[in-house]
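# Examining the three-dimensional arrangement
What follows is each chain in one-letter form.
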Amino acid sequence: MRFSPRLLGPFVGAISKKLEHYSQFQPSPLTIQQYLDFGRTGTATTSYVFLKNELLVRLSNIMQEISLLPPTLLDMPSSKMVASWYQDSFEELLEFEARDPTSETMNRFNDKVQSILKRHSHVVETMAEGLIELRDRNGVDIASEKGIQYFLDRFYINRISIRMLQNQHLVVFGNVLPESPRHVGCIDPACDVESVVHDAFENARFLCDRYYMVSPAMKLEMFNTIDKDRPISIVAVPSHLYHIMFELFKNAMRATIEFHGVDDDLPMVKARVVLGAEDLSIKISDRGGGVSRTILDRLFNYMYSTAPPPTRDGSQAPLAGYGYGLPLSRLYARYFLGDLFLVSMEGYGTDACIYMKAIPVEANELLPIYSTSSRRNLTMAAQVPDWSNTVPGQGNRPVSH
């Protein structure tokens, strides 16, 4: 599909031809192994040459998707703001399109990537605001709602994959410090799952205490079926796992308190973590009254929330109400080749089950990125070193063609 003035939507002007050009190319899929090996043995120059083009490809692909959204959604103030952020970032990256990798250029590129990360840090919340504005002003028909759901799944996976590239580059080759000496960029080859679960629970509990002045306790069980005497660790981006757990604990705590009341002896939220040969499985169980099957089917819908809309005065972080918590958490699980689903017993409680690959360091399955089969399957081989063509076990450096 090619851009036309009708399809460009909010993206017009001098960048339209560049958008048309880069949107013809497919993003380059990567594996965890390639991220790890390149983080250990790659060079700043090769990373710059790859990333300056790959980011333009990924941004242009999702900008085309934004252009095809219903005009009623694109007209919302928050949606316009998100579109403007993407246009600004695309224009800024075009500055490096033909620049050779000198030391000064690469330093300026790193600064620009860092500013783009900051600019896009509130994309999820702002897009959710756009959905609330649309719902309040015009309402949404079923067909439009399904289209928006489809778009947002692709949009957020694209965002996760772009931020993964940016963070990895900045930690390995920029001025961003890794979380620990063990990390390879933002990836922890031996992520301590118990520690992440505890951090997510304590932070969710702090937020819950601010809202309700009370919070349920947690009972945590850990089972390593591979080596029962060792703690559970996997190859992961700890912040991704933390995000999933934090959202699930928030939901479990809110349901428990609203079902039992703030004055009752609250039942504990139970967390069970099991490491198997292929999967890391986590189950979060609450006694928050559960939901009916009708409601359960809608909990992964971005335009549905069981909580009232959050206050929009910026006075405090929302506990719930935007609607993106569960669907976005599922996308984080799916990004690392896993999944998230719910089992609910109406009148009793809900189990949230997360599965993630217990990925060994030799794993070479491709991580998902935004792509579409309707576009021509082109590569940027003449312009971009393609990480997807690296050879596992031999350094996995991007290869120039």
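We now turn to the structure provided with this report. Here the structure is a predicted model, which is why all the values come from computation and not from measurement.

Cut-offs applied
- Residues numbered from 1 in each chain as written.
- Predicted model: local features only at pLDDT ≥ 70, side-chain atom pairs only at ≥ 80, totals over all residues.
- Heavy atoms only, no water.
- Helix = DSSP H or I, 4+ residues; strand = E, 2+ residues; numbered from the N terminus.
- Buried < 20%, exposed > 50% of the residue type's maximum accessible area, 1.4 Å probe, protein only.
- Contact = heavy atoms within 4.5 Å.
- Areas by Shrake-Rupley, 256 points an atom, 1.4 Å probe, with all protein chains shown as cover.
- Expected span 1.5 Å × (residues − 1).
- Salt bridge = Lys/Arg side-chain N within 4 Å of Asp/Glu carboxyl O.
- Phe/Tyr/Trp six-rings, centres within 6.5 Å; stacked < 30°, edge-to-face > 60°.

## Here's the deal with the overall build of the protein
When its secondary structure is counted, the protein shows 13 helices and 7 strands. Within the protein, the proportion of its 401 residues that are buried is 54%. Taking as baseline every contact in the protein between residues at least 6 positions apart, the subset at least 24 positions apart corresponds to 78%. Total accessible area on the protein is roughly 18300 Å²; 51% of this is exposed by carbon and sulfur atoms.

## Examining helix α6 (residues 77–94)
The terminal C-alpha atoms of α6 lie 26 Å apart, and with 18 residues this matches the ideal 26 Å at 1.5 Å per residue to within 8%. Looking at α6, one finds that the buried residues are S78, S79, V82, A83, W85, Y86, Q87, S89, F90, E92, L93 and L94. Close packing links the buried residues of α6 with α2 (16–22), α4 (44–67), α5 (71–74), α7 (103–119), α8 (123–137) and α9 (142–173).

## Points about the pattern of salt bridges
As enumerated under the stated definition, the model contains 12 salt bridges in all. Notably, a salt bridge pairs R182 with D188, separated by 2.7 Å at the nearest N-O pair. In this structure, E258 engages R254 in a salt bridge whose closest nitrogen and oxygen atoms are separated by 3.4 Å. Taken as a pair, E258 and R254 lie in helix α11 (residues 238–260) at a separation of 4 residues, close to a single helical turn. By sharing partners, the salt bridges in this structure join E92, K112 and R119 into a single network.

## Some points on the packing of aromatic side chains
All chains considered together, the criterion is met by 12 aromatic pairs. Each ring, one from Y48 and one from F109, has its centre 5.0 Å from the other, and the planes form 85°; the classification is edge-to-face. One end of the pair, Y48, is in helix α4; the other, F109, is in helix α7, and 61 residues separate them in sequence. Y48 gets classed as buried once you look at its relative accessible area, which sits at 1%.

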